Structure formats: structure tokens, C-alpha cells
Amino acid sequence: MNWTDLKTRAAACQKLASLFAQNPNRAEEFSARHGDMLFDYSKTHIGEDDRALLIQMASDADLEDRRAAMFGGQKINETEDRAVLHTALRNLSDDAILVDGKDVMPSVRDTRDRMAAFSEAVRTGALQGQGGAITDVVNIGIGGSDLGPAMAVLALAPYHDGPRVHFVSNVDGADVADTLRGLDPATTLVIVASKTFTTIETMTNARTAQAWMATVVKDTGAQFAALSTAEEKTAEFGIPSAHVFGFEDWVGGRYSLWGPIGLSLMIAIGADDFTDFLRGAYDMDCHFRDAPLADNLPVLLALVGVWNNQGCGHATRAVLPYDQRLTRLPAYFQQLEMESNGKSVAMDGTSLEVNSGPVVWGEPGTNGQHAFYQLIHQGTRVIPCEFMVARAGHEADLGHQHELLVANCLAQSEALMVGRSLKEATDIMAQRGLSGDELDRQARHRVFPGDRPSTTLVYPKLTPFVLGQIIALYEHRVFVEGVMLGINSYDQWGVELGKELANALTPVLRGEASDAEKDSSTRLLLDYLRS
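A few points on the structure. Because the structure is predicted, anything quoted here is derived from the model rather than measured. (Residues numbered from 1 in each chain as written. Predicted model: local features only at pLDDT ≥ 70, side-chain atom pairs only at ≥ 80, totals over all residues. Heavy atoms only, no water.)

**Describing the pattern of salt bridges**
Then, in step 1: For the structure shown, the criterion picks out 30 salt bridges.
Then, in step 2: Sharing partners across several salt bridges, the network here consists of R317, E337, E386, R477 and E481. (Salt bridge = Lys/Arg side-chain N within 4 Å of Asp/Glu carboxyl O.)

Structure, rendered in C-alpha cells:
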């Protein structure tokens, strides 16, 4: 990879105002459409030659071949010797997908059908609790087993016509206690999401929920479901096999929303809308697989990310959906990006030549404007922003509020680009009657440097189909960036060390083991906590 050329070009890039002045058609030429979705990246510092270099870099990294390998079921997760086939969970074609010579699609379709039947039984009352029809569903998981469904259930609130859905993830007892308070054990279904059924946070919360339910319900297992492949363990927990939905090792946690991990979402919105959600993701899969690199939304989004991070050296990116129901989307993308591409070692075991993935963070607009946008606009570090907004909201009678929302979104990207010069600020303050040194002092506080990059993704309305498109778009963006960096985006060894140490510290906290081998800081903290 020619990272030196990329950094050189990024260092010499023109200002945004110059790029637009030189090319009256820049907005059209530096945007791309897929269906009813528009991706505008014209407010970045990428010029025509820069884009050509980025596309060449992606091609030199064998992106097309790696993409074909992923969709074809090859074991591109090399450190774990696994295929990467979350795309199979939303494959709505009749095509076979082979792993080790076996078509995985019959099993995928069977599990999807079982999920649909189960969710319909819960939604219609055919499957009841001891106290009658299920009124509440509690999903217990962590990481991808929580972030994905929690995000999607909130995002698709207008489509809810099933039981209320709640989520528990933190091993902090406050999470499960606050969630269960006010619910009726006799009409609550608990879903435990853990592939191995050994995840310590999830199983601790599951046992707490089981004890809570047992105060009222005789057969607690009948009101539990498991998203797991460990059937022996789910049986020991008392969960009937008809309530157990497994998934293969070629589905990573942060990519698992499309299958059994999405059961809580399916119960909330119904199987038909869940299928529409899959259809949106499948649509983006087809676009990513077939569109030329220069017109490919996931590729272009990734190239912008590589330009900003590895080229310009901007260490963070802000995801800013102007859609209140996407409140959890930045956190979902945070895990997707940082757990996937937060690596320092290439596939061949060598150290990376450049920084890996950026810090991803954000909040929905307009709330963020009254929180951290000050830093984005006038801070000393440049933070590339990724805006999202719908053409229309679901609340037809509140169209005036949606107009205000859209106006704010467009205004923020415009303000980041154009800024405000010292002369403009001085003129404004002079009109307010200031003069002399005080005029200069006050004006300088109102200068906006501008020339700060952003992209904007516009979609028609936040439907199940569109949400599927957006999530798949970002999943493939992560894949492209990982390929260009030469890393494995599908393992997460960095998660393991803390787990191992936590397991070792638990008996120390209880006084059942010695802390002699711990460092002095850890011993100090242990002494204080135990006292």
C-alpha cells in the first residue's frame, strides 16, 4: 500500500472553498446514489486525483477478490479459521452459499422460519406466560448480543405492535434490577443471548432474572428462550429445545443482528417487517458486491474514512444521526468499527505501517449541538463528521419539526465548511456597537476556522428496509477499511485479556485467593474495596 503518497497528497490538499470554486459540479461529482439513498462526500478534501489514488489503493489491496472470498464463504477470518457470513443470514435469494463444501442456506432458512413461528406465537398469545399473554420481553446479552437489537428496537419504534421489549447487558446489578422492577414475572419472556451460554455477565444476569421469575412462576424455563448453540447448557437451565435458536461460528457477535440475535426485534415488529429489514441489508449487499468501486457507497464511505484517518491523521470520527430513534446507532457503530479494526498487527503478523481504525463516537442531532459541537467547530483538533438525515419523519402532523431538524443538519455541515472569518466576526460585533480593543477581542472569540470535513447520508424515511441498508452499508465500510489496512476485521483478541484477569480477580475480592502477585496499584485498590 502506498501510504506515503496518500499522506503527501493529504498534506497538500486544497481548502474546501477552493475545491468548490474550481469545480461548479463538485457536489454532483462527489456524491453517489443507490436507490433512494444519497451519499454526499463533496465536503471532504478529496480531489479527483486523490479519489483515483484511493480507488487504486483499494484495488491494489485485492478488495474485489477479498469481497468475493467473503461472500463465497471462504475462511477470511484467518486467525480463527472461520468464514465470515453474516451476509448469509440476510440472503433472500435462492443461491447456495458453501462453507467447507456444504450449503449453509437450508439451515439459515429453517432457523428464520422457527424464529418467525416463535415470535408469532408470542405476539398472538398462542405462547403465554403463567399469568396470561406475554406483555414484556427482556433480552439479556452483552456486546453485539445487546447493542444490535437494542439499537434496532428503538430505531423501529413506529413499527412496534408486539410486547414491550427491554434490554439488560451490564453485570452491574442496577441494570437488571431497574429493568425488572415494575414487570410481572408471570407475563414476561426472558431471552438469554450467549452463543456459548457461558458469558459471565449474561449468565449472571440470566440467573438473577430466573430467581426473580421463580418467585411467581413454577416452570421458569417455559418463559425463557435462548440464542445459543450450547444446547446441553440451555437444557440444564430448563429452557425447552423449541425455545433455543442457534447460529454458526461464521457469525460474529457484532454482525449477528440478522439472525437469532434479532429475535427480540422480530417479536417487537413482526416477521414481515423483520424480513423487510433483512431485505434492505440484502439490497446493500448486492450493491456492494456488484457496483463499480467509484460508484459503490460502502467503498466510497471507506475511502473517505481512510483519507481522513490514515491520510490526514484525524484520529476520531463523529457519527451524527439527525434522527432521535437512531440514538443508539453511534454506540453500535462504535463497536462495529473499533472492535473490528482496532488492531496493530497485519494478517501476516507484522506491525501496521499506519494507524488502524479511528475512535468512533457521536450522539443524535440536535442534542449534540448543545453539548459537544463547540469542540467540533472551534476546537484545535479536526473531527470529521458523518451526518445522517431522513427526507421525511413518521410524524406527519409534526412536519414543521422535521423541517427544523433537517435545516439544523444541513446548517451544521455548511458551518463546518465555510466557517466565519475574523473580518466577518468583526463586522458583526461592530454593528453591535463595539470598537477598539474590545471589538477585536470579542470578534476573535466568534471566529470559526471552517474548512472542516463532513459527509451527509440522506435516506427517504427510517423504515425497516432503510435501517437494514444503513447497517449493511457501515458493515461493508468496515470490511473495506480492514482490507486496505491488511488486518483481520473479524477477530477480537483484545477483549480476552480483561476477561481472563477479571475471572482471576473475583476470588481475590472475596478473600479466597492471594493478591501477592498483583501490581502495587491493583493491590491498593483491592485493599480499599475489601475494607
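There's plenty left to go through after this.
**Points about a nonpolar patch on the surface**
Then, in step 1: Taken together, the side chains of L509, L525, Y528 and L529 define a hydrophobic patch exposed on the protein surface, amounting to about 490 Å² of accessible area.
Then, in step 2: The dominant element in the nonpolar patch, judged by the number of residues it contributes, is helix α22 (residues 520-530), at three residues.
Then, in step 3: Its place among the elements puts L509 in helix α21 (residues 496-509). (Patch = residues over 30% accessible without salt bridge, like charges linked within 9 Å, V, L, I, M, F, W, Y side chains within 5 Å. Areas by Shrake-Rupley, 256 points an atom, 1.4 Å probe, with all protein chains shown as cover. Helix = DSSP H or I, 4+ residues; strand = E, 2+ residues; numbered from the N terminus.)

**Brief notes about the nonpolar core**
Then, in step 1: Judged by nonpolar contacts, the single largest core of 111 residues is most densely connected at W250, L467 and I470.
Then, in step 2: Broken down by element, the residue count for this core peaks at 13 residues, all from helix α20 (residues 464-485).
Then, in step 3: Setting aside anything within four residues of it in sequence, one finds I470 in contact with M37, L329, F333, M388, L457, Y459 and L462.
Then, in step 4: Core analysis: the next-biggest nonpolar cluster, separate from the first, contains 21 residues, V138, M203, M213 and F237 among them. (Core = buried A, V, L, I, M, F, W, Y, C linked by side-chain atoms within 4.5 Å. Buried < 20%, exposed > 50% of the residue type's maximum accessible area, 1.4 Å probe, protein only. Contact = heavy atoms within 4.5 Å.)

**Re the packing of aromatic side chains**
Then, in step 1: This structure, assessed with the given rule, holds 15 aromatic pairs.
Then, in step 2: Centre to centre, the rings of F39 and Y41 are 5.7 Å apart; their planes meet at 20°, and the pair counts as stacked.
Then, in step 3: On the basis of relative accessibility, which here comes to 4%, the residue F39 falls in the buried class.
Then, in step 4: Overall, Y41 belongs to the buried group, its relative accessible area being 2%. (Phe/Tyr/Trp six-rings, centres within 6.5 Å; stacked < 30°, edge-to-face > 60°.)

**Describing unusual backbone geometry**
Then, in step 1: Between G365 and the following residue, T366, the backbone shows a cis peptide bond with an omega angle of 10°.
Then, in step 2: Note that T366 resides in the loop between β13 (359-361) and α16 (373-378).
Then, in step 3: Notably, F197 is not glycine yet its phi reads approximately 60°, a positive angle.
Then, in step 4: Structurally, the position occupied by F197 is in the loop between β9 (188-193) and α10 (200-214).
Then, in step 5: Positive phi, close to 60°, is recorded for D451, a residue that is not glycine.
Then, in step 6: Turning to its location among the elements, D451 is positioned in the loop between α19 (436-444) and β15 (454-459).

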